[in-house]
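# Results of the structural survey
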Amino acid sequence: MAVTVSAEVRDLLTLSLVPGIGPRLTAALLERFGSAAAALQASVAELSAIPFLTPRLAESIQQASKRSEAVAAELDRMERH
């Protein structure tokens, strides 16, 4: 049986899998953009406006939404455990 999660949970998981994104930056992103989905769609310039979020990290966030296999693998691990 596959783990079924909402789009918002999937987007939050996507953000959490970006190296360098921890609870504080996640909270800052959610506060600024209102949702994980909006943060994943933000431009590098918009993301870089967040304190302590470097342009390189902003690029990693943008690329994260294109790597759905990492999220699928994490959901698979959740299902097995």
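Procedures and definitions
- Residues numbered from 1 in each chain as written.
- Predicted model: local features only at pLDDT ≥ 70, side-chain atom pairs only at ≥ 80, totals over all residues.
- Heavy atoms only, no water.
- Buried < 20%, exposed > 50% of the residue type's maximum accessible area, 1.4 Å probe, protein only.
- Helix = DSSP H or I, 4+ residues; strand = E, 2+ residues; numbered from the N terminus.
- Contact = heavy atoms within 4.5 Å.
- pLDDT = per-residue confidence, 0-100.
- Axes fitted to C-alpha atoms, helices over the stretch in contact; angles between N-to-C directions.
- Parallel < 35°, antiparallel > 145°, perpendicular 65-115°, else oblique.
- Nonpolar A, V, L, I, M, F, W, Y, C, P; charged D, E, K, R; others polar.
- Salt bridge = Lys/Arg side-chain N within 4 Å of Asp/Glu carboxyl O.
- Core = buried A, V, L, I, M, F, W, Y, C linked by side-chain atoms within 4.5 Å.

Okay, helix H1 (residues 7-16) next. Regarding H1, the residues found buried are Asp11, Leu13, Thr14 and Leu15. Taken together, the buried residues of H1 touch helix H2 (23-33), helix H3 (36-41), helix H5 (55-64) and helix H6 (68-80).

Let us look at unusual backbone geometry. Even without being glycine, phenylalanine 52 reaches a positive phi, approximately 70 degrees. One can find phenylalanine 52 in the loop between helix H4 (44-48) and H5.

Take the confidence of the model for the protein chain next. Mean pLDDT over the protein chain stands at 88; residues scoring 70 or higher make up 96%. At the low end of the mean pLDDT range in the protein chain sits H6, at 78; at the high end sits H2, at 95.

Another point: the packing of H1 against H6. A pair of packed helices is characterised by two quantities: the angle between their axes and the separation of those axes. Between H1 and H6, the shortest axis-to-axis distance is 10 Å and the interhelical angle comes to 105 degrees. With respect to each other, H1 and H6 are oriented roughly perpendicular. Between H1 and H6, the contacting residues are Arg10, Leu13 and Thr14 on the first element and Val71, Glu74 and Leu75 on the second. Class assignment for the residues of the contact of H1 with H6 results in three nonpolar, one polar and two charged.

Locating serine 35 in the fold gives a position in the loop between H2 and H3. You can call serine 35 buried: its relative accessible area is 18%. Here serine 35 is in contact with Glu8 and Leu30, once residues within four sequence places are set aside.

Turning our eyes to something else, we now look at the pattern of salt bridges. As enumerated under the stated definition, the model contains one salt bridge in all. A salt bridge links aspartate 76 to arginine 80, with the nearest nitrogen and oxygen atoms 3.5 Å apart. Of this pair, aspartate 76 and arginine 80 both sit in helix H6, separated by four residues, roughly a single helical turn. According to the relative accessible area criterion, arginine 80 is exposed, its value standing at 56%.

The biggest cluster of nonpolar side chains holds 17 residues, and the ones touching the most others in it are Leu15, Ile21, Leu29, Phe33, Leu47, Leu53 and Ile61. Going through the elements one at a time, H2, H3 and H5 are the ones with two or more residues in this core. The leading source of residues in this core is H5, at four residues. Ignoring sequence-local partners within four residues, the contact set of isoleucine 21 consists of Leu15, Ser16, Thr26, Leu29, Leu57 and Ile61.

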